[in-house]
Amino acid sequence: MEVRSSIIAVLVAAALLPAAKLRAQLGQAPLSAEKVRTSIRQGVDYLLNEQSGRGTWDDMTDYPGGVTALATLALLEAGVEPSHPKIQKSLGFLRALKPTKTYTVSLQTMALCAAEPKRDRLIIQQNADWLARHQIIRGQRAGSWSYPLANGIGGDNSNSQFAVLALHEAERVGATVNPAVWRLAADYWQNCQNPDGSWGYQPVPMPGSGSMTCAGIGAWVICSGHIGKPAARADANGIECCLPPEKDDVLDRALAWMARNFSVRGNIGQGGGGAQWHYYYLYGLERVGRLSARRFIGDHDWYREGAEFLISQQDPFSHHWLGQLHSEDNPHIATSLALLFLSKGRRPVLLAKAKYGPDDDWNNHPSDVANLTAFTEQQWGLNLTWQIIEPAAATVEDLLQTPVLYISGSKAPQLDGQEQKIRDYIDRGGFLFAEACCASSGQFQQGIRQFLDRVFPEGEYKLRLAEPSHPIWRIDKLVRPDSPYVGRLWVIEYGCRTCVVFSEVDLSCYWELYGRGRVESYPEVVRQRLEDANAIGLNVLAYATNREPKGKEESFPALDAPDLADQGARGVIRVAKLMHGGGCNDAPGALANLLRAASQGEMLLQVSGEQVDLRASDPGLLRFHLAFMHGRQDFHFTPEEQAGLRKFLENGGTLLADAICASKEFAEAFRREIALVLPERKLQRIPLEHPLFSEAGEKFNIQQVHLREPAASGGEANQPLRSKVQTTAPELEGVEIDGRMAVIFSPYDISCALEQHEALQCRGYTREDAARIALNVLKYSLAPDVGATRSASQ
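Residue positions within a chain follow its written sequence, with the count starting from 1. Confidence filtering applies because this is a predicted model: local features only for residues at pLDDT of at least 70, side-chain atom pairs given and counted only at 80 or more, and all residues used for totals across whole chains, interfaces and linings. Each side-chain value is derived from all of the structure's non-hydrogen atoms; neither hydrogens nor water enter the calculation.

Points about the environment of G43
Next, step 1: Helix numbering and strand numbering both begin at the N terminus, where a helix is a DSSP run of H or I of at least 4 residues and a strand a DSSP run of E of at least 2. Locating G43 in the fold gives a position in helix α2 (residues 33–50).
Next, step 2: Exposure remark for G43: the relative accessible area of 0% places this residue in the buried category.
Next, step 3: Along the backbone, G43 and A338 are 295 residues apart, and their C-alpha atoms lie at a distance of 8.6 Å.
Next, step 4: Discounting chain neighbours no more than four positions away, the residues touching G43 are Q314, H319, W321, T335 and L339. For the exposure calls, accessible area comes from a 1.4 Å probe over protein chains only, and a residue counts as buried if that area is under 20% of its type's maximum, exposed if over 50%, partly exposed in between. It only takes one pair of heavy atoms within 4.5 Å for two residues to be counted as in contact.

The following block contains the structure:
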């Protein structure tokens with residue numbers, strides 16, 4: 001089975017979320033990223049094994065092909081490649097279907113869009129035309145869809161939801177949908193919303209349900225997105241930005257209803273019926289969170305809670321899901337709906353838009369980030385999502401759910417009190433992307449500069465103009481040399497990476513325009529500016545994420561972390577960070593992330609998260625068994641520091657060091673200084689047979705690792721910059737004392753990767769392998785005598 005896989009991230013902060021209550025009620029072990037992936041994989045295997053020889057699942061008389069289309073869609077969204085033989089067989093069956101029922105046509109269309117849309121564009125367009133023709137256009141239910149040929153039964157919100165979803169996916173892959181269809185559908189959904197914000201099954205007064213309210217939210221977001229007026233406009237006279245948006249409370253009232261009634265354990269609301277259409281409700285819940293860009297509904301982390309519930313309900317033997325009523329007692333249907341929640345809901349978050357005061361100045365262009373995300377999806381060939389987050393209400397762990405925090409505005413941003421939180425976010429690998437919009441008078445620029453000065457009080461971390469050689473000008477797409485953005489982008493270099501990009505001119509206005517009308521219809525100057533803005537947005541995101549944004553489940557801890565409140569507790573491992581003059585803080589988050597990885601990964605070590613900065617001459621160094629250091633420049637130990645470090649190493653201490661971005665200057669200085677500290681001993685390459693490379697467990701065998709070489713600067717001007725990765729044996733140097741490696745030094749970068757950032761200009765190990773190397777050293781330092789004994793016997 002060909003399933004898209006993602007690299008397991010070991011450097012992720014644990015988050016304590018409301019789902020812990022549900023976990024306790026269910027008596028389940030903590031949710032982890034591996035549990036989510038395993039559950040999806042097992043559900044995929046179940047469905048694949050259940051496929052008939054014809055490539056179908058449950059060829060039902062009432063809805064021929066409906067379950068087959070649903071199962072095929074679920075498998076594709078779960079990562080099964082379209083080229084998989086069983087997917088090809090089901091696609092062959094679906095292509096032969098003739099349109100007869102709204103449900104089947106809609107699901108067939110979505111499956112073809114998810115598989116091979118270019119090949120099936122004609123069928124997709126034909127289906128879109130069929131759905132448009134079968135939309136009810138008169139009467140109270142105008143704008144809805146129903147069961148065709150069903151003796152005059154009127155439209156309902158379930159059929160209508162599927163039609164909207166199919167038309168949306170069809171248009172995304174290039175099909176044409178008459179704007180009148182969207183307008184009629186938008187009016188329908190707005191008019192049939194209940195006064196309390198919910199929707200029922202019928203567009204008449206009836207109690208709302210979770211499944212139908214989710215249907216209403218998803219359909220409204222899609223329809224209003226197609227017909228709503230953008231906050232920017234372009235014509236022959238130029239461009240207007242920050243236009244006042246259309247006001248309505250449809251989405252706000254619906255989300256408020258969801259928050260008041262939220263649960264994942266049954267279909268909510270008076271019209272929900274609990275077990276009735278439960279999995280159908282969860283399938284809709286995923287769409288609510290993703291399309292509304294909300295990680296939380298009320299105070300509920302909807303994906304985490306839903307994933308915990310579904311994993312607890314999966315059959316432990318066959319690995320299917322089974323509902324209680326109606327069609328959900330068919331395991332093919334229930335399993336497909338469960339997989340759609342787990343798979344689509346875990347789409348990687350590309351960036352989060354910061355919601356802050358004053359008023360709605362944070363959202364002058366409401367579609368900017370959604371459109372930038374859609375553009376990035378097209379360029380990278382990935383399914384991505386984005387979120388809205390309130391920094392004032394968020395924890396650092398919440399912020400770390402997104403690799404990029406985007407701040408936009410025209411007035412001085414009200415971010416007072418968030419400085420330390422943002423600094424902690426950046427220290428742990430986060431990235432800040434800010435822009436001044438609406439041709440602001442300078443209030444935002446002045447305010448964001450003052451805020452960043454408080455985030456980085458150190459003199460060396462200040463905004464400076466991005467140099468022409470910076471990757472944000474060309475990493476994915478070339479920005480024109482005469483672009484008006486040249487000389488208007490500012491960056492903060494933090495250690496071995498850029499951690500802040502600030503545009504003093506509008507980007508969001510042009511992102512707002514993307515997807516609104518045909519780009520070629522805009523004046524040339526607007527087209528060029530839009531292309532520049534998209535290129536800069538794409539390049540910044542590529543730089544910040546390395547084109548590898550992680551699924552939501554990556555933020556789930558492997559296990560509950562031990563209570564380390566008592567830093568002096570017996571058995572708690574503590575690591576010292578050595579201070580020196582060669583850039584000892586140039587990768588400030590490296591050690592903190594290493595300590596988190598040690599406490600949360602497979603090693604499950606009792607590691608203190610407290611970082612202790614010491615000079616080598618500090619007598620307190622002897623209380624630690626491991627010291628860590630890195631740098632980029634030349635440095636010197638004082639005679640007192642040389643003596644202190646010598647005493648530490650000769651009394652059983654271990655020193656781990658690396659040259660940030662393979663700095664030759666630091667490597668030469670380190671070798672010189674260690675020779676002065678231990679003049680009788682020699683720093684030399686550690687042989688690959690040494691237990692350090694393989695004794696930490698099979699998962700951490702590091703005899704073969706991946707080394708990144710810096711991105712080449714030559715080649716065609718419009719070619720994207722990409723670093724090269726080669727598989728090789730790790731190069732570590734060591735000094736042995738009494739049969740153990742007391743000094744372990746990497747001349748290639750480990751620290752930048754530990755910060756969760758692999759700079760294109762940086763030679764060093766990949767994130768995963770840098771973590772494995774560092775964790776191996778940590779574990780080796782705990783029991784070096786075992787390794788020494790084995791090494792001596794070989």
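Observations regarding the pattern of salt bridges
Next, step 1: Salt bridges, as used here, are contacts in which a Lys or Arg side-chain nitrogen is within 4 Å of a carboxyl oxygen on Asp or Glu. In the structure shown here, the tally under the stated rule is 30 salt bridges.
Next, step 2: Close ionic contact of E377 with R172 constitutes a salt bridge, the shortest N to O distance being 3.4 Å. Taken together, the residues span a long stretch of sequence, with E377 in helix α14 (residues 368–380) and R172 in helix α7 (residues 157–172) at a distance of 205 residues.
Next, step 3: Classification of R172 as partly exposed rests on a relative accessible area of 41%.
Next, step 4: Salt-bridge contacts for K462 lead to D453; the nearest nitrogen and oxygen are separated by 3.4 Å.
Next, step 5: Exposure remark for D453: the relative accessible area of 38% places this residue in the partly exposed category.
Next, step 6: One continuous salt-bridge network, built from bridges that share partners, spans R95, E116, R119 and D120.

Section: helix α13 (residues 331–344)
Next, step 1: A helix's residues, less one, multiplied by 1.5 Å, set its expected span. Compared with an ideal rise of 1.5 Å per residue, which puts 14 residues at 20 Å, α13 spans 19 Å between its outermost C-alpha atoms and is within 8% of the ideal.
Next, step 2: Of all 14 residues in α13, 13 are buried, a share of seventy percent or more.
Next, step 3: For α13, the N-terminal capping position is held by N330, with its side-chain oxygen 2.8 Å away from the main-chain nitrogen of H332. Polar contact criterion, stated in full: a pair of N or O atoms within 3.5 Å, where within protein one must be able to donate a hydrogen and the other to accept it, and residues adjacent in sequence count only if both atoms are side-chain atoms.

A word on unusual backbone geometry
Next, step 1: Here the bond from G357 into P358 is cis, since omega is 5°, no more than 30 degrees from zero.
Next, step 2: By the element assignment, P358 lies in the loop between β5 (349–354) and α14.
Next, step 3: You will see that C438, though not glycine, has its phi angle at about 65°, which is positive.
Next, step 4: Considering the arrangement of structural elements, one finds C438 in the loop between β8 (431–436) and α17 (443–455).
Next, step 5: Here C438 falls in the partly exposed class, since its relative accessible area comes to 21%.
Next, step 6: In this model, N546 sits at a positive phi of 60°, which is unusual for a non-glycine residue.

Structural notes on the packing of aromatic side chains
Next, step 1: Each Phe, Tyr or Trp ring, with Trp reduced to its six-membered ring, pairs with another whose centre is within 6.5 Å; inter-plane angles below 30 degrees give stacked pairs, above 60 give edge-to-face pairs, and intermediate values give tilted ones. Within the structure shown, the criterion is met by 24 aromatic pairs.
Next, step 2: Relative to F162, the ring of Y103 has its centre 5.3 Å away and its plane inclined at 75°; by these criteria the two rings are edge-to-face. Taken together, the positions of Y103 in helix α5 (residues 102–115) and F162 in helix α7 put the pair 59 residues apart, joining distant regions of the chain.
Next, step 3: A residue is classified by how much of its surface remains accessible, and Y103, at 16% relative accessible area, is buried.
Next, step 4: Of the residues examined, F162 reaches a relative accessible area of 7% and is grouped as buried.
Next, step 5: Members of the aromatic cluster, each reached through a chain of ring pairs, are Y103, Y147, F162, W277, Y280 and Y283.

Overview of the sheet that holds strand β18 (residues 724–728)
Next, step 1: By this definition, two strands are paired if DSSP reports at least two bridges between them. Strand order in the open sheet formed by three strands is β18-β17-β21, and the pairing between neighbours is antiparallel. Each edge of the open sheet carries a strand with a single partner, namely β18 and β21 (764–765).
Next, step 2: Bridging between strand β17 (residues 705–709) and β21 involves two bridges; their strand directions are antiparallel. Across the sheet, the residue bridging to L707 is Y765, located in β21.

Looking at the pairing of strand β10 (residues 489–494)
Next, step 1: Burial runs high along β10: five of the six residues are buried.
Next, step 2: Across two bridges, strand β9 (residues 464–465) lies against β10 in antiparallel orientation. Paired with R464 across the strands is V491, a residue of β10.
Next, step 3: Across six bridges, the pairing between β10 and strand β11 (residues 497–503) is antiparallel. What sits directly across from L489, in β11, is S503.
Next, step 4: Between the antiparallel neighbours β10 and β11 lie two residues, among them G495 with a positive phi of about 65°.

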